[in-house]
Amino acid sequence: MSSIRLENLGKSYAGVQAVRGVDLTVADGEFFTILGPSGSGKTTLLTLIAGLAMPTEGRILFGDRDVTHVPTVGRGIGLVFQNYALFPHMTVFDNVAFPLSVRKKKRAEIEDRVQEALSLVRLTGFEKRKPSQMSGGQQQRVALARAIVFRPTILLLDEPLGALDRKLREELQVELKELQRSLRVTTLLVTHDQEEALSLSDRLLVIDKGTVQQIAPPREAYLRPANSFVADFLGISNFVPLDGGKGVVRPERLQVELIGEHGSRGPSVTAPNATGRVREAVYLGQVVRLHVTLDDGGELIAAVSPAGPAALAQSGDAVAVSWQREHVWPLEATRSGAEAARRAAFHK
Amino acid sequence: MTAHADTLAQTRQFAGGRRNIAGPSADTLRVWPLLILLIALFDLPLLFTLGLSLYGKNGFTLAHYAELLNTPAYLGVMASTLRVSLIATLVNALVGYPLAYWITGLDPRRRGIALACVLLPFWVSILVRTYAWIVVLGNGGLVNRLLQWGGVVDEPISFLYSEVGVTIGMTNVLLPFLVLPLYATMMRIDGRLTQAASSLGASSWTVFWRVFFPLTVPTLAASSLLVFMLSLGFYVTPAILGGGKVAMAGNLLDSLINQIPRWEMAAALAAVLLVITLAIYFAYARLGRWSRA
């Protein structure tokens, strides 16, 4: 296993800076995610780490080894693509055996290790199939088996679940996480799906316009985003006034109370932060999302429990919205003042 | 009452069913004119040729085929036709494959120019092109002068009026039939397959032979077969570049029809060529099915 270190890494294509000044250390055995919208530079970052493209500046180290100018073939990484990239003319067995056979392993050893890899991805018995005879999820498992069979020190996953439907994707996410944990292989996932990033990673990196926006564990990035881009990209953000500046509060932190016909409120909230009317109530099963237009013209989105009374709110209903001050995370401008103190208070 | 209603419903069903059957037959009727045209233009002449090869003074006979297979001159022509076609196909594949591969690697602008160069022969008359080779390959031609000037040879090499000249000419004419399909196939191969292969530890040599090449083999086989079948019927190129010394089936057919009118022998020869072509085609089709399974 191996750590990954990027030092001031940059890449420009024909004068256009795709990625710039990336400093990053991924620990040995860590599940790390690079998250960003399309065109953010996340795929460029992956191709640089994979050695499919050469950086125009900076260094890449695997452990203590400088691999900046080592081509892909010499990097010893397991690479999984979104479109699986299975060899269509080979059987499942030959696909998975490929990295071993190019390393001139003995036949018996190849047999054993292919079987082991296939059982890890729960595809025992599929050896003789061709990729075209398998479903998308199965093909992606084959690609995964092929990427781990030669025991690489680093596993790179480029949107590996992007082509699968939601249910299958969630199943495979769990399997991927288990597999990564049992192999203890340093794993780098590239995705634009923030749910995937939040659910799988030990830490994640948010990238936009070629520059790193934040590197943090999922929970911290979600609740304490470095800036409004990260806040918006990781989920629904409500921007509310705070200390003369702006703060962000997540929809599930908002409390919503229906205001009765005579202006009477429920007993729990005595002084709401804002009042307004429900513009739209969206039922999502696990949660009800209320889009609220405030009396001052602002907009808030609240996620309330479908079991609670607020779930009965319908469009046009008057509501009171409140939040606790410690659930509001100050954004850059606001933070500059008493940042240290607030941050310390927040961490408690 | 109920029974009666049931019968009525059944009758209606039948009527409906009949209408459905009537539909396709009306469609078939509309196909007939075209079908008759196709039969009249393509199949009847072919059948007529076959009939000619099987018809003698006393009606049905296999004598023409017997003569064909017992005359060394005819056999010789068929053998040299097969040999020249095979060599031309092989040379085509050996030149065409790297050429297609090279074009795939160019940037889009140069790719367009290179493809146009490959396609150019299609737009020039085959006669003009073939005569052009005389200028290039003749004893006083471009190649020989260069070789003599460079001191490589003292005497001009006679490329022309031999199988070498014919092979060169045929390769030139047939190259696009191989390069274009191969180019299309190579362009369609997902670049991530080769990236994946090299990330898995394969050298570029291994990536090519174990991933890239196998994916192009079906197209290579199909287009080689096409080139081979086209070579079998070549006439102009052997006639001019062979100078009458390289006898191929097409030229023999010309003699049998225009010079020593023996149409029944020409018909028999044509039938044998057709059978060879079909046999190769079916062998290929079977091979294709077998490799897919």
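Parameters at a glance
Residue positions are counted from 1 within each chain, in the order its sequence is given. To read the labels, note that chains go from A and ligands from 1, taken in the order they are written. In keeping with the predicted nature of the model, local features appear solely for residues at pLDDT of at least 70, side-chain atom pairs appear and are counted solely at 80 or more, and the whole-chain, interface and lining totals rest on all residues. Side-chain descriptors were evaluated using all non-hydrogen atoms of the structure, hydrogens and water having been removed beforehand. Domain segmentation is taken from an automatic or database assignment of domains. The contact criterion used throughout is that any non-hydrogen atoms of two residues lie within 4.5 Å. Summed over both partners, the accessible area (1.4 Å probe) lost when two parts come together is defined as the buried area. A carboxyl oxygen of Asp or Glu within 4 Å of a side-chain nitrogen of Lys or Arg is what we treat as a salt bridge. Each polar contact in these results corresponds to two N or O atoms within 3.5 Å; when the atoms are within protein, one needs to be able to donate a hydrogen and the other to accept it, and residues that are neighboring in sequence are counted only if both atoms are side-chain atoms. Two strands make a pair as long as DSSP finds a minimum of two bridges between them. Each helix is a run of DSSP H or I of at least 4 residues and each strand a run of E of at least 2, with the numbering of both proceeding from the N terminus. Axis definition: a line fit to C-alpha positions, over the contact stretch in the case of helices; interaxial angles, taken between N-to-C directions, run 0 to 180 degrees. The way it works is a 1 Å grid over only the protein atoms, where trapped points that fit a 1.4 Å probe form a cavity and open points with protein on both sides within 12 Å along at least five of seven lines form a pocket, and then any residue with an atom within 4 Å of a point lines it. Grid points are joined across faces, edges and corners, and a volume is the space filled by probe spheres set on the points. Buried means the residue's accessible area, taken with a 1.4 Å probe over protein chains only, is under 20% of the maximum for its type, while exposed means over 50%, and partly exposed covers the values in between. Comment on the angle field: the value is read as roughly parallel under 35 degrees, roughly antiparallel over 145, roughly perpendicular from 65 to 115, and oblique elsewhere. Crossing chirality is assigned from the near helix's rotation relative to the far helix, an anticlockwise turn below a right angle marking it left-handed and a clockwise turn marking it right-handed. Ten residue types, Ala, Val, Leu, Ile, Met, Phe, Trp, Tyr, Cys and Pro, are classed as nonpolar, four, Asp, Glu, Lys and Arg, as charged, and the remainder, Gly among them, as polar. What pLDDT expresses is the predictor's confidence in each residue, scored from 0 to 100.

**Digging into the domain arrangement of chain A**
Residues and elements named next belong to chain A.
Alright, step 1. Domain annotation for chain A reports domain 1 (4-229) and domain 2 (240-330).
Alright, step 2. Between the C-alpha centres of domain 1 and domain 2 the distance comes to 40 Å.
Alright, step 3. Taken together, the 5 residues of domain 1 in the interface contact 6 residues of domain 2.
Alright, step 4. For the domain 1 face of the interface with domain 2, the top three residues by lost area are Tyr222, Leu223 and Pro225, together amounting to 78%.
Alright, step 5. Taken together, domain 1 and domain 2 are joined by 0 salt bridges.
Alright, step 6. Scanning the region where domain 1 abuts domain 2 turns up 3 residue pairs in polar contact (both at pLDDT 80 or more).

**Structural notes on the sheet that holds strand 5 (residues 65-66) of chain A**
Residues and elements named next belong to chain A.
Alright, step 1. Pairing within the open sheet is antiparallel, and its 4 strands lie in the order 2-1-4-5. The outermost strands of the open sheet, each flanked by one partner alone, are strand 2 (16-26) and strand 5.
Alright, step 2. Pairing analysis gives 5 bridges linking strand 1 (residues 4-13) to strand 4 (residues 57-62), with the strands arranged antiparallel. In the sheet register, Arg5 faces strand 4, and the bridge partner there is Leu61.
Alright, step 3. Lying on the sheet, helix 1 (residues 42-50) is in contact with strand 1, strand 2 and strand 4; it crosses strand 1 at an angle near 115°.

**Here we look at empty space enclosed by the protein**
A probe as big as a water molecule, rolled over the atoms, marks out the empty space that is left.
Residues and elements named next belong to chain A.
Alright, step 1. Considering all chains together, one arrives at 1 cavity of 30 Å³ or more under this definition.
Alright, step 2. Forming the walls of the largest cavity are Val80, Gln140, Arg141, Leu144, Pro160, Leu161, Leu172 and Leu176.
Alright, step 3. Elements with a minimum of two residues in the lining of the largest cavity: helix 4 (136-148) and helix 5 (166-183).

**Points about the pairing of strand 15 (residues 288-294) of chain A**
Residues and elements named next belong to chain A.
Alright, step 1. Among the 7 residues in strand 15, 5 count as buried, and that is most of the element.
Alright, step 2. Bridge count for strand 14 (residues 274-283) against strand 15 is 7 bridges, and the pairing is antiparallel. Within strand 15, the residue paired with Val278 across the bridge is Val292.
Alright, step 3. With antiparallel pairing between neighbouring strands as the criterion, strand 14 and strand 15 make up a hairpin whose turn holds 4 residues, including Gly285 at a positive phi of roughly 90°.
Alright, step 4. In textbook terms, the turn of a hairpin is the stretch between consecutive antiparallel strands, and for strand 15 and strand 16 (residues 299-304) this stretch comprises 4 residues, one of which, Gly297, has a positive phi near 100°.

**Comments concerning the packing of helix 4 of chain A against helix 5 of chain A**
All names here are of chain A.
Alright, step 1. The interhelical angle for the contact between helix 4 and helix 5, taken along N-to-C directions, is 15°, at an axis separation of 11 Å. The orientation of helix 4 relative to helix 5 falls into the category roughly parallel. In the crossing of helix 4 with helix 5, the sense of the turn from one axis to the other is right-handed. For the pair formed by helix 4 and helix 5, the contact residues are Gly137, Arg141, Leu144 and Ile148 on the first element and Leu168, Leu172, Glu175, Leu176, Leu179 and Leu183 on the second.
Alright, step 2. Residue composition of the contact of helix 4 with helix 5, by class: 7 nonpolar, 1 polar and 2 charged.

**Observations concerning the confidence of the model for chain B**
Alright, step 1. For chain B, per-residue confidence averages 83 on the pLDDT scale, and residues scoring 70 or more make up 90% of the total.
Alright, step 2. Our summary of model confidence lists the complex with pTM equal to 0.75 and ipTM equal to 0.75.

**Some thoughts on the pairing of strand 6 (residues 77-80) of chain A**
Residues and elements named next belong to chain A.
Alright, step 1. Covered by surrounding structure in strand 6 are Ile77 and Leu79 together with Gly78 and Val80, the residues of both alternating faces.
Alright, step 2. The pairing of strand 6 with strand 7 (residues 154-158) spans 4 bridges and is classified as parallel. Directly across from Gly78, in strand 7, lies its bridge partner Leu155.

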